[in-house]
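Chain and residue survey
Okay, here's what each chain looks like letter by letter:
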Amino acid sequence: MKETIYQTVCPGCGIGCGLYIRENGNGSVSIDFLKSSPVNLGKLCRFGMKLPYYYSRPASSKTEGVVSGAEEAVKAAASRLKNAGKIAMLSAGNTTCEEHIAFTRLAETLGTVVHTGIPVYQELPSECHPHLEGMPLAEIENAEKIVLFIDPYVQYPLLVRRLLVARRNGAHIISAGTKELHLAHENRDLSPEQYAELELDSNSVIIADVHPHTESCHTKQLLNLALETGARIHFMKPFINSEGANRLARDKAGMMGISHIMDEIEKGDIKTLFLLDSDPLEMMPDSDRTANALNKLDNLIVISSRDSPITEIANVVIATEPLYRKRGTFINAEGKLRENSGQEVAGIDAMSLLSRELGSEGFEYRQMHGYLHERMIETLANENRKPEYGIMQCAPVQHNGACILKYLFNPFMWANQPDDNDFVLLNMNMVRSLKLRKGGMVRLDSEKGSMKMRYRVERVPDGMILTARKLQVATGTNTTVKVEGC
Amino acid sequence: MVGIGDKLLGYATNPDVRNRGASGGLVTAVLAAALEKGMVEGVVVLKRIDEYEAIPVITDDVQEVLASGGSMHAVPVNLTKHAVGRKIAMPGKPCDVRGVIEQAKRNGVDLENTYIVGLNCGGSMHPVVTREMLIRMYEIDPEDVVGEEIEKGKLIFKTKDGEEKAISIDELEEAGYGRRENCRYCTIKIPTNADLACGNWGVIGELAGSATFCEVMNEKGKRLLDNAIEAGFIEVQPADEKSIAIRNKVNSAMLKLGDEWKGRLLTEIHDQERLTYYIEQFADCIDCGACREVCPVCTCGEDSKCTMFHSLADNYKMSMYHMVRLLHLSDSCIGCGQCSDICPVDIPVTTIFRRFADPAQKKRDYSPGMDLQRPPFLELMLK
């Protein structure tokens, strides 16, 4: 009848919702609500409610595809890394700050850097980087005007309640995204040239996100808008510790986006990929193309707390404890330090052993945590920074074609979890022109193939089809498709 | 030996338990004795994290039960589901007890194996709201609080330095603080539906603060109390007329206040406005399903009607999920407030459901979760 209860943070996105994970005597896992968590008051979204499934597949250490002990896997990883050529290391922010720091130590030993996979850091001037850090979510509630360039209902659901509070407090909310939002007073499909019509000022807040597939031009346009109007800008981030991983980066300008890394692998310039709780097969829009690229690697080494598609094909998997059991901290999208109650450090210990195997010094959890305090604590307070960047020029990517299938990136898509989101969103004009039957299907054809999907009618721009799950016909975040009723 | 219907004053014999418990540690000692003597396999206790956070755990360790105790008004959890499929003893607010009885009607809980020590409840508070209230209304640092109590219509906080500060609940609630909304209109304050109904109302004189008023509600309650006396865990004495009268008076005052809130919040929805009201209220729902998951009376499991008839791909203006749940819960919603607490978009789910269920329950003079005598009016009772 004994139960073990862990206080932890939801790995669904960067908001950092607090919750309990309850391990029952039979090993099963359930969630419980941490109502005293100031971030979410115990509330969870659909992804958080499905965490027992997320945690149902713990990772196993593997050496050359065969289940092995963690120590054997570490030695095999060391052997491969010693003889490797150009190594790319990726930690997107799916684990604790302390593990991320330990991974960075390994990168120093290997003479490389840790990439977080978000391309805008490389593509934007460094003086912009501080403005990509989040602001306190409570301050959103006091804004007079809010412009949304995200769909909070699907992408960052725990943001919805903040926006509803803001609305009750008198904020005027404008959705400038691709989908009509119930909570918005206005839903506007604006081109960047029309942003002046938003009439923002210093009491306004712009809410957008940066993630592994954010187009830097879009981010530049939003930063320009903030600069010109004096509005504050808040960027949401997709992973539990995206904020921490990016704040911890020493050389943000040197960090490659995940697409860039995959391009280099495809070209054969990168032959060794070393991952910390980051799965390109989940994060890239086209899993087939990504799998083909990964096949070109000489070494694919993965440190992971859960089983995912990448652990199936890796040469070496070093398994660590589930995220909720880890000792360590996370920094959420508003810059708050969140802490696990778990005390396990198998991940740090494995990386320490690997460091020694590579001829460097080992390390302990407390050193990693100490470094975090030295480096980060003083920067956690989020003052309203004055912009120190200038207006940036950019040319947006043009998408030609009759219809564009667009990914609506959300926690289920990043984590490859099942959900009942097996439909696409399209507008009434498309339903009428294709004479779609209620309850029927729509066929999507791209250069990759064809598939049938259920559909739901939403107010989205003409010619746009949105999906909240990864589809086999997709070739990128935006895919040109031909659509037919069926 | 005690008798059914007895009204007693009692306390734990262990001085530590007596001092630590909110009212003499009787409830803690009764639960510990039930475990010690093998009446149950486990006890549900609130594992205290701090003054504003605790988590229910089931333990088979008597010492862990004895180490628990103390009232926590700012920890609004419902314990019902911890009773499912287990032979346990548990403390319970009236809504916990009502949840267990609704589960029993659907064979989710075997009442023969479940002992419930009921606790009087004037209402509970949300921990984060409570912290804000302490700063703004009481001008107290939340970290300095060492205890709280509701007495004579006032919410009292005690601080590390021995100070007490009291503000009337009316004043707090007018300012948007105080009890959770559902607690304000709750009309069961003394858990007469439990095996024992315990609390500090009616404990006066030299026993005030160090004893519990306890009413034996049924045969199981008698067994619990006899067991604890026999094990030497508690001592009891009959409550005098004055104590009984004071307890009744406090209860009447709380019920009157509850009725007033009910009149304010559970107003009738006119036919012309009904559809618009429900569509608008649920429009921001993000389909997390947490309200179903946390509902203490739901026994449906994975393949429930509300989820089977609902699809995210639907274009209904109001989801089938909520339509089915409104109907389904009209004979079983106990107004515990859990669904409102955990709704990620702050939909006042409990009040919406109570506004739907109240007229139906009133028409049939039916209160869910009070006893096993009457079946739910929309369902077959399995028990």
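Residues numbered from 1 in each chain as written. Chains lettered and ligands numbered in written order. Predicted model: local features only at pLDDT ≥ 70, side-chain atom pairs only at ≥ 80, totals over all residues.

1. Digging into the domain arrangement of chain A
Residues and elements named next belong to chain A. Along its sequence, chain A is carved into domain 1 (79–116 + 242–322 + 340–379), domain 2 (121–236) and domain 3 (403–485). Here the C-alpha centroids of domain 1 and domain 3 sit 33 Å apart. Residues that form the side of domain 1 that touches domain 3 fall into these classes: three nonpolar, two polar and two charged. (Domains from an automatic or database assignment. Nonpolar A, V, L, I, M, F, W, Y, C, P; charged D, E, K, R; others polar.)

2. Some thoughts on the nonpolar core
Core analysis: the largest hydrophobic core is formed by 243 residues, its most contacted members being Ile146(A), Val30(B) and Val43(B). A per-element tally of this core places helix 2 (residues 26–36) of chain B first, with nine residues. For Val30(B), the contacting residues outside a window of four places in its chain are Val117(B), Leu224(B), Leu225(B), Ala228(B) and Ile234(B). Counting residues in hydrophobic clusters, the runner-up holds six residues, among them Leu134(B), Tyr138(B), Phe157(B) and Tyr177(B). (Core = buried A, V, L, I, M, F, W, Y, C linked by C-beta atoms within 7 Å. Buried ≥ 20, exposed ≤ 12 C-beta atoms within 10 Å, placed from the backbone. Helix = DSSP H or I, 4+ residues; strand = E, 2+ residues; numbered from the N terminus. Contact = placed C-beta atoms within 7 Å.)

3. Considering the domain arrangement of chain B
Residue and element names in this part refer to chain B. Domain boundaries assigned for chain B yield domain 1 (7–124 + 184–259), domain 2 (127–178) and domain 3 (267–363). A C-alpha centroid distance of 30 Å is found between domain 1 and domain 3. Of the residues lining the interface, twelve residues belong to domain 1; the matching set on domain 3 comes to ten residues. Within the side of domain 1 that touches domain 3, the residues separate by chemical class into three nonpolar, five polar and four charged.

4. Describing the sheet that holds strand 5 (residues 114–119) of chain B
Residues and elements named next belong to chain B. What the eight strands build is an open sheet, ordered 3-2-4-5-9-10-1-11; its pairing is mixed. The open sheet is flanked by strand 3 (53–59) and strand 11 (234–238), the only strands paired with a single partner. In this sheet, adjacent strand axes meet at a mean angle of 30° when their direction is disregarded. Here strand 2 (residues 42–50) runs beside strand 4 (residues 88–92); their pairing, made up of two bridges, is parallel. Across the sheet, the residue bridging to Val43 is Ala89, located in strand 4. Sitting on the sheet, helix 4 (residues 94–105) is in contact with strand 4 and strand 5, with an inclination near 155° to strand 5. (Pairing = 2+ DSSP bridges. Axes fitted to C-alpha atoms, helices over the stretch in contact; angles between N-to-C directions.)

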